[in-house]
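Structure assessment
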Amino acid sequence: KISKSFGFTFVISSVIFDMDGVISDTQTWYSELDSKVLARYGVTIAPEEITRSYSGVSYNRMLSELFNRFGVGADKEAVIEVLHNELDSGLVNSKIAAVEGARDLVESLYNSKMKLAIASGSRLGFIDYVLGELSLRDKFLEIVSSYELNEGKPDPGVFLLAASRLGENPQDCVVIEDGVSGMIGAKAAGMKCIGLVKEKDKSFYPADWLVTSLREVTVDGIKKL
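Below, the structure is looked at part by part. Computed from a predicted structure; not experimentally measured.

**A look at the sheet that holds strand β6 (residues 209-211)**
Taken in spatial order, the six strands of this open sheet run β3-β2-β1-β4-β5-β6, and their pairing is parallel. Sheet topology places β3 (142-145) and β6 at the edges, where each strand pairs with a single neighbour. Within this sheet the neighbouring strands show an average axis-to-axis angle of 20°, counted without direction. In this fold helix α5 (residues 102-111) packs onto β1 (14-17), β2 (115-120) and β4 (173-177), with an angle of close to 155° to the strand it touches most, β1. Along the sheet, helix α6 (residues 124-133) makes contact with β2 and β3, crossing β3 at roughly 140°.

**Side note on unusual backbone geometry**
In the segment running from Lys153 into Pro154, the intervening peptide bond is cis, with an omega of 15°. By the element assignment, Pro154 lies in the loop between β3 and α7 (157-166). Although it is not a glycine, Ser135 adopts a positive phi angle of roughly 55°. When its relative accessible area of 56% is taken as the criterion, Ser135 is described as exposed.

**A closer look at the nonpolar core**
The biggest cluster of nonpolar side chains holds 53 residues, and the ones touching the most others in it are Phe17, Ile23 and Phe140. Excluding residues that lie within four positions of it along the chain, Ile23 makes contacts with Phe17, Asp18, Ala97, Ala98, Val99, Ala102, Val106, Ile118, Leu131, Leu134, Leu136 and Phe140. Listed in part, the 21 residues of the second largest apolar core include Ala117, Val158, Phe159 and Ala163.

Thresholds applied
Residues numbered from 1 in each chain as written. Predicted model: local features only at pLDDT ≥ 70, side-chain atom pairs only at ≥ 80, totals over all residues. Heavy atoms only, no water. Pairing = 2+ DSSP bridges. Helix = DSSP H or I, 4+ residues; strand = E, 2+ residues; numbered from the N terminus. Axes fitted to C-alpha atoms, helices over the stretch in contact; angles between N-to-C directions. Contact = heavy atoms within 4.5 Å. Buried < 20%, exposed > 50% of the residue type's maximum accessible area, 1.4 Å probe, protein only. Core = buried A, V, L, I, M, F, W, Y, C linked by side-chain atoms within 4.5 Å.

Here it is as structure tokens:
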């Protein structure tokens, strides 16, 4: 495998999943909690906008943009600590559920011998907890968090690190994402991207294949990307 220009074809052999909003329903919960906490500091933003614009983005980057937009002078690090504490305390009382079709897709990919990884903007402990609650941890060879890197999505680093740990070329990987920032990062990493979205709007979502349900995604479909 060198490049398509030399007559070689890259074959998808690995699938890298975002977690929140793709594997688990935690993105909605995340965004609702973030929206409530940020309102205390004068940032009025709907959970839906947080999901659309900041899914997978680091708190540091999100707060920098929102504090600038709303003219907030609060200490970012202090607010990040509050957000983490609220998430941790809320997690204990929350029932984690899988996104519709996620279990079946993960199982079918795993059984087809695809290498699977998670590349998430969440902390490693949070990822492990959620996957454990869903009994899916053993299906993923590698777990990568943006907290291991200097930059979160849309920087491609989290995806490139996942590919490296899987021992794969980026061109042999496909990413499944629900956030625009994640899709941008996946494409910047040189990977194919499947966007899990509410509406199949190619002008808005920079993905190779848009789906409104993971039940639309098949092993054969992924291999044809």
